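# Fold and geometry: a report
Now for the letters of each chain:
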Amino acid sequence: MRKWILFLFCSLLIAGFHSSQTVHAEDTNPKPKVIPSLQEWSGATGFFTLNENSRIVVDTAYTEKLSNTANVFQQDLKEVINRNLPIETGEQPNKGDFFLTMQQGKDNSIGDEGYHFIVDDAVTIQSNTDTGVFYGTRTALQILVQDEDKSRIAKGTAKDYPKYGKRGFMLDVGRKFFPMDFLKDYAKVMAWYKMNDFQLHLNDNAIFKNNDPKHWGSYAAFRMKSEQYPELTADDGHYSKADFKELQNLAEANGLTITPEFDTPSHSLAFTKLRPDLVHPDLPVDHLDITREETVDFVKSVWDEYLDLFEADAVHIGADEFYRNDTEMSNVYRSYINTLSEHVEKQGKTARAWGGLSYYKGDVTVDKDVVFNIWNVGWYNPKQAVQNGYDIINSDDGLLYIVPKAGYYHDYLDTNWLYNNWEPTMFSGGITLNDDEEHLLGGMFALWNDLLGKKVSIPDAHDRISKAMPTLAEKMWRGNSDETTYANFKRLNKAIGEAPGTNLDYDVKSKTDTLLHYTFEDNKVTDVSENNYDGTLQGATITTEGKEGSALVISDETDHVTTDIDTKGFPWTVSAWVKLKETNKSEAVLMESDYSSLKLKQKETGNAGFTREGYDFSFDTAIPTGRWVHVAFRGDLNGTSLSIDGELKDTLSDNMLLPIKTIGSKTNTFIGMMDELKIFDNKLSSAEIAKAADAPAWTINVAAGKPARASSNETAYLTPDLAVDENETTRWASGYTDQEWIYVDLLKQQPINTVVLKWESAYGKGYKIQVSNDGENWKNVNTTTNGDGGKDVIHFPVEDARYVRMQGTERAINWGFSLYEFEVYQPVTAAGMKKRIEQLQSRGEITSDQTVRQLTMHMTAVNRYSDQELTAKVLKHMEGFQQLVEIQHEKGKLTDKVYETLQADAEGLIAKCEMQ
């Protein structure tokens, strides 16, 4: 031990010597970049480097206290450096080692969570507690992640410690269930950023504010499994006590506390459904009647089932938004908080509650041991709270609440503003506490699932949380600093990446954009991409009568193919040829995993669709049966789309992770055949899908997914790329002037003659369609002064152009111009229409050979006369073509779909001819 004390003393002496000398800045190492950033740094020269003998050495004197930290560090190091360093005990490290130790006497300057990070030939992490040492390992890992060789750390000495003790995040799992694996990964994510308090809001219900009895049927859930009250346990997702214990153990090993919350006496429909006799008669049906001793005893009994399970020192008793605040009821409410606080204190816990004492004015003094989350300054003013002697946590709703897709509070937190302006002393309404306010424990941001589980997916929630977490962690650990700009901070966050051992984005490794490709040749399910994700037949067979060679045959609903991939994150595309048999089955699954199912037939709708997280979604289109059909599904965070035979049919704003665990299903596989299954690691463009389906060129929106620019955006979120994303639920909106514009770069010069504008209510009364090949000099190809909104289909003479612009000249209303979609199309050709007719015949959609010959004859003539620029003859043959289509449709020889397709093609060709 003496040898190590001497080593540490010499190291610190050398560091102090270097810091006291006059040294050129370029000779010492700058502060390493981590999140949250280090408080203090004294740079040395050179680098610590891992070597073949590197170890994790745990100080012999602290083996028991630091064993868990060493084990987690070992696992995470393996993820980062792809090496499994041995863990050994000892009194001093060798070159290339990590040395984990603790202070002999408490160092008050770093507190309970701070640490010394001493980098020389070995890396020494020293703290007052195992938690501090653990946080030091996060710093080491983040530095290694950024090193190209994952082996070097700049020499120097850091002293790092948090400015605020409580650095938290609250997740509403009551209104939306999140699987335990997700919670465990989030414990690791929070630890990655040195966050220390993960609050789980374990019960809640749909929002309502009146006494209408219909609300008894509203959604409600209690997420813990209950043996005492089995009917209280949520059917659509809950946590067993064993699972919750595992989560707490994982959290403890990662320096994190799991804070459980049961919210009563309001937000309590799960409880009042179980005990309707305990509902308050004058309040909404999710309000317990806490004027009755029987009600309070019931709530105590619920807590009693879990207090021994919950390991946190503090539990959250809720007490949120009780809708009655006269003096009498306020006193009852205040007494209720005291009763629950006293009850949990008997079990060695302290109580937290949502702050409401400014709203619930009364004569009863609330126990000073209760810690309040200040969630709204009107319900409890933070200055009043600290003056009253309460410890508080800043959970300010106006700054720190995320409510996805609700249209109120934040959909995404304003992390730019938070990074540059906020820390936990700051509340809404310009209220700021002193920097040294001892009653301010820290901060906590929250994600509330007011819209319940269907409208907001787990990926929706994760995207919002993951974008907020690094910024909030930085501000709650470091406080305000002008050391790094927000832009650089975002780049750093990207470089650091996600926490080791997590994959919340569901990334799947792929060497190319094609993740998987099954051709079903040679009676095998061989992946002919470069990734070798081969499949295994499970009851299914192979036939040589496929669309292109061999194909997969599904004869029974249990036939399927298993793969080595479970689920893939965004973006993704699935492309395949399928030939469905007409059956009475209500479902026909294309692909499936535990998370989701992608379906060619969605239950009772008969249309294609998908199921994720227990919720069903359907497109407005059915997959044709009895013939080979090209289907393509695309997904990203903005939604999911379906294309059939190269034509985009529908886009849903709901998203899903792609299931790849089974091709087909163990219970509800589609009946029929499949060929050329491809899964892509990106979202294919319409042109790429249409090419795979051999669709006519003029049906392809060549603007889809291309770069777009605009003169302005109404907000930071209504950007021009949203007008070319093929999603009619998103839009671009301009500033509030007439001379606004948006253009799309087609990336290459190509023939075009049609633009389709899909307007939001803020449409263009006057605008010009312009084309260019340099993005600077524009040619007018169409002008209108009487636009009426909705969908505008604009034809113009064929132009070879790279850029296409909508140049506004007059707004219809006082807002700007707003487009859901800006589409551009190539011209119809007679040769292409001949090919279309042949395809329709091969699909069995035109069965009369005579009809095919007659239609083809017209197109042959049109093609010849077009080359000769004989417009009158072209138009005459097009008139004959349309009449023939009309007659055959009336005779029942052409379906409505084929009729509409051919008539639309004809109109396009006529418009092109008339424009020339």
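Our structure's up above, just so we're on the same page.
These figures come from a predicted structure and were not determined experimentally. (Residues numbered from 1 in each chain as written. Predicted model: local features only at pLDDT ≥ 70, side-chain atom pairs only at ≥ 80, totals over all residues. Heavy atoms only, no water.)

## Points about the pairing of strand 7 (residues 152-160)
The two faces of the sheet receive side chains in turn, since in a regular strand these alternate between them. Along strand 7, 7 of the 9 residues are buried, which leaves the element largely enclosed by surrounding structure. Here strand 1 (residues 40-49) runs beside strand 7; their pairing, made up of 7 bridges, is antiparallel. Along strand 7, the bridge assignment pairs Thr-49 with Arg-152. Strand direction decides the pairing type here: strand 5 (residues 115-119) and strand 7, joined by 5 bridges, are antiparallel. Directly across from Phe-117, in strand 7, lies its bridge partner Ala-158. (Buried < 20%, exposed > 50% of the residue type's maximum accessible area, 1.4 Å probe, protein only. Helix = DSSP H or I, 4+ residues; strand = E, 2+ residues; numbered from the N terminus. Pairing = 2+ DSSP bridges.)

## Some details on the pattern of salt bridges
By the definition in use, this model includes 52 salt bridges. Lys-184 is the salt-bridge partner of Glu-246, the closest N and O atoms lying 2.7 Å from each other. On the criterion of sequence distance, the pair formed by Glu-246 in helix 5 (residues 241-253) and Lys-184 in helix 4 (residues 180-192) is long-range, its members being 62 residues apart. Looking at Glu-246, the relative accessible area reads 42%, which means it is partly exposed. Classification of Lys-184 as buried rests on a relative accessible area of 18%. (Salt bridge = Lys/Arg side-chain N within 4 Å of Asp/Glu carboxyl O.)

## Regarding the side chain of His-316
Mapped onto the fold, His-316 is located in strand 13 (residues 314-318). Within the structure, the side chain of His-316 is placed 2.9 Å from the side chain of Asn-373, a separation counted as a polar contact. For His-316, the residues in contact, after removing those within four places along its chain, are Gln-199, Thr-259, Pro-260, Glu-261, Phe-262, Trp-303, Arg-352, Ala-353, Trp-354 and Asn-373. (Polar contact = N/O pair within 3.5 Å; in protein donor to acceptor, adjacent residues only side chain to side chain. Contact = heavy atoms within 4.5 Å.)

## Notes on helix 8 (residues 327-345)
Compared with an ideal rise of 1.5 Å per residue, which puts 19 residues at 27 Å, helix 8 spans 27 Å between its outermost C-alpha atoms and is within 8% of the ideal. Along helix 8, the residues classified as buried are Met-329, Ser-330, Asn-331, Tyr-333, Arg-334, Tyr-336, Ile-337, Asn-338, Leu-340, Ser-341, His-343 and Val-344. Residues of helix 8 that are buried in the fold lie against strand 12 (257-264), helix 7 (293-304), strand 13 and strand 14 (350-354). (Expected span 1.5 Å × (residues − 1).)

## Considering unusual backbone geometry
A cis amide bond, omega 10 degrees, links Thr-264 with the succeeding residue Pro-265. Positionally, Pro-265 belongs in the loop between strand 12 and helix 6 (269-274). Cis geometry marks the peptide bond from Phe-570 to Pro-571; its omega dihedral reads -10 degrees. Within the fold, Pro-571 resides in the loop between strand 24 (567-568) and strand 25 (572-580). Located in the positive-phi region is Tyr-506, a residue other than glycine, with phi close to 55 degrees. Of note, Tyr-506 is situated in the loop between helix 14 (486-496) and strand 19 (514-518). Assessed through its relative accessible area of 32%, Tyr-506 is described here as partly exposed. Non-glycine residue Asn-532 carries a positive phi angle of around 60 degrees. Positionally, Asn-532 belongs in the loop between strand 19 and strand 20 (536-538).

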